[in-house]
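Survey of secondary and tertiary structure
These are the residues of each chain, in order.
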Amino acid sequence: MKTDKPDDENKTINKSIVKFASVEFDKIDPDATLPAKFDRLLKTTDLKKVVGDKVVALKMHMGRGIGYTTIHPLFIKILIRHIKEAGGRVFITDVGPSFSSGGFNDLTSRDRGYSEDVLGAPIYPVSGVFDKYYYSKKVDFKNLDEIQIAGHIHDAEVMIDLSHFKGHGISSYGGALKNIAMGCVTAKTRGDMHSLHSGGSGIVWDENLCDHCNKCVDECRYKANFFNDENKYEVIIHDCTYCQHCIEICPNSALSLESRNYLDFQEGMVIATEEVLKTFNPGNVYYINILLSITFICDCWGMSASSVVPDIGILASDDIVAIEKASLDLITPENFNPKSLPKDKALREGRHLFEQIWGKDPYTQVEIAARRGLGKPDYIIEEIK
Ligand code: SF4
Ligand code: SF4
């Protein structure tokens, strides 16, 4: 849009604000550290305008099993206090399994400190205890024709999308977008989205050309392929980086790449996010990304590992595209911690550290979201001291 303002000012207008509280501190004083800065970040946010006198769903991922690198309850308590002071009636929500069994000695999210008595807000399974509380929206993308939006999200007036930012084997990373796409829908919709890639890895095996020399399996650095009990070639989509090495080294040209199906998965996630966001009035969703304990793998694995880069801080914005782009931009390969990956997992080429880990470009998700009008990739960092 052309205005009569100076060029520099026009450029600024076209950028979204991303608030940033850095983990760096300049003196030995609790007030100089991240929780205090997060408190100041929230004070400088007009939360009253967003949550005042409204029912607020605080969506987060509570992790599973013996994972210990999910969001620290202290930050959630600070956030809930601010929401309440601004007049919001807040509840916390996540997908059901986090509330039942963590799958390891009966550990649950409660064992990570996520309980009403600790956090100060009730906790509800996002689509009900039986995953049957949802609203159906029709979409038209490949085999994805419906998004079942979780009832507790759909019926809330405001959503605070509180995300632990980390790597992810299929989508390269998990942040604000994934917290909505996978966490604000039913298990059926999650399955439908996964079937966008698991309906086929995209690597096609021609049985008639294969002589079972096993080279493709022996030379896959990611242990992402195998021959099953019926001697048919299979790819483990979560681990496959689409390096195409198996395709290139096959002496009989028995393997080929049909399509980069994981791109469909990324697009499907953005479509689900879009449908969820449509249920909120403009200005009624706020995003907070926690860039601490940035593990290579998602919290849903029920395990933790050392952070791939040193802790960074907390970002907040009303623009989902800007906050995701800013979060990715802050994670740089120069700071990579080699102890953060399994010993046999090596880095490969890629423009982002998560691409070097998973072989999938994390910016793809952001670019699709920007193309579909969910937000702006250009941002200005406003640092909170
Ligand atoms: S490298 Fe090719 S021929 Fe050898 S087992 Fe794999 S697919 Fe079959
Ligand atoms: S594309 Fe690469 S990572 Fe995937 S199965 Fe083939 S060799 Fe392994």
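Residues numbered from 1 in each chain as written. Chains lettered and ligands numbered in written order. Predicted model: local features only at pLDDT ≥ 70, side-chain atom pairs only at ≥ 80, totals over all residues.

From N to C terminus, the protein chain includes 14 helices and 16 strands. The buried share of the protein chain, taken over its 385 residues, is 46%. Within the protein chain, contacts between residues separated by at least 24 positions form 77% of all contacts whose residues are at least 6 apart in sequence. (Helix = DSSP H or I, 4+ residues; strand = E, 2+ residues; numbered from the N terminus. Buried ≥ 20, exposed ≤ 12 C-beta atoms within 10 Å, placed from the backbone. Contact = placed C-beta atoms within 7 Å.)

Glancing now at unusual backbone geometry. Here the phi dihedral of S172 falls at roughly 80 degrees; this positive angle occurs in a residue that is not glycine. In this structure S172 comes out as buried when scored by C-beta crowding, with 26 C-beta atoms within 10 Å. With a phi angle near 50 degrees, S253 is a residue other than glycine that sits in the positive phi range. Mapped onto the elements, S253 comes out in the loop between α10 (245–249) and β13 (255–257).

Across the sheet, which stays open at both edges, the eight strands sit in the order β4-β3-β2-β7-β14-β15-β1-β16 with mixed pairing between neighbours. Since the sheet does not close on itself, it has two edges, and those belong to β4 (123–125) and β16 (379–383), each with one partner. With strand direction ignored, the average angle separating the axes of adjacent strands in the sheet is 25 degrees. Across the sheet, helix α12 (residues 320–330) touches β1 (16–22), β14 (285–291), β15 (313–317) and β16, and the angle it forms with β14 is around 10 degrees. (Pairing = 2+ DSSP bridges. Axes fitted to C-alpha atoms, helices over the stretch in contact; angles between N-to-C directions.)

Taken as a whole, helix α14 (residues 363–371) has its buried residues at Q365, V366, I368, A369 and A370. Looking one or two residues past α14, G373 carries a phi angle of roughly 85 degrees, positive in sign.

A separate point is the packing of helix α2 (residues 34–43) against helix α4 (residues 73–85). Between two packed helices, what matters for the description is the angle formed by their axes and the separation of those axes. The geometry of α2 relative to α4 is characterised by a closest axis approach of 10 Å and an angle of 25 degrees between their N-to-C directions. With respect to each other, α2 and α4 are oriented roughly parallel. For the pair α2 and α4, the sense of crossing is right-handed. Two secondary-structure elements touch here, α2 through P35, F38, D39 and L42 and α4 through L74, F75, I78, L79 and H82. Taken together, the residues of the contact of α2 with α4 sort by class into seven nonpolar, one polar and one charged. (Parallel < 35°, antiparallel > 145°, perpendicular 65-115°, else oblique. Left-handed = near helix turned anticlockwise from the far one by under 90°. Nonpolar A, V, L, I, M, F, W, Y, C, P; charged D, E, K, R; others polar.)

Okay, the packing of α12 against α14 next. Interhelical geometry of α12 versus α14 gives an angle of 160 degrees and a closest axis separation of 10 Å. Taken together, the axis directions place α12 and α14 in an arrangement best described as roughly antiparallel. α12 and α14 meet at a crossing whose hand is left-handed. On the side of α12, the interface is formed by I320, V321, E324, K325 and L328, while α14 contributes Y363, V366, A369 and A370. Here the contact of α12 with α14 is composed, by residue class, of seven nonpolar, no polar and two charged.

Moving residue by residue along a regular strand, the side chains alternate between the two faces of the sheet. Counted residue by residue, β14 has seven buried out of seven residues, so it is predominantly covered. Where strand β7 (residues 158–164) lies against β14, six bridges are found, and the strand directions are parallel. Note on β14: the bridge partner recorded for L162 is I288. Here β14 runs beside β15; their pairing, made up of five bridges, is antiparallel. Bridged to N289 within β15 is L315.

Looking now at α12. Taken across its eleven residues, α12 has ten buried, putting it largely inside the fold. Regarding α12, the residues found buried are I320, V321, A322, I323, E324, K325, A326, S327, L328 and L330.

Our next topic: the nonpolar core. In terms of nonpolar packing, the biggest core is built from 91 residues, with V56, L58, I153, L291 and I314 touching the most fellow members. With near-sequence residues (within four places) excluded, I314 lies in contact with A21, L34, F38, L41, I288, I290 and L291. (Core = buried A, V, L, I, M, F, W, Y, C linked by C-beta atoms within 7 Å.)

Looking at where G169 falls in the secondary structure, it is placed in the loop between β8 (166–168) and β9 (172–174). Residue classification places G169 among the buried residues on the basis of 23 C-beta atoms within 10 Å.

Below, the discussion takes up the environment of H72. Relative to the helices and strands, H72 is located in the loop between β2 (55–59) and α4. Counting along the chain gives 218 residues from H72 to I290, while the straight-line C-alpha distance between them is 9.6 Å.

What follows covers the environment of T70. Position of T70 among the secondary structure elements: in the loop between β2 and α4. Assessed through the 25 C-beta atoms surrounding it within 10 Å, T70 is described here as buried. Along the primary structure T70 and D299 are separated by 229 residues, whereas in three dimensions their C-alpha atoms are 6.7 Å apart. Leave out the neighbours within four places in its chain, and T70 touches H61, M62, G63, R112, H164 and D299.

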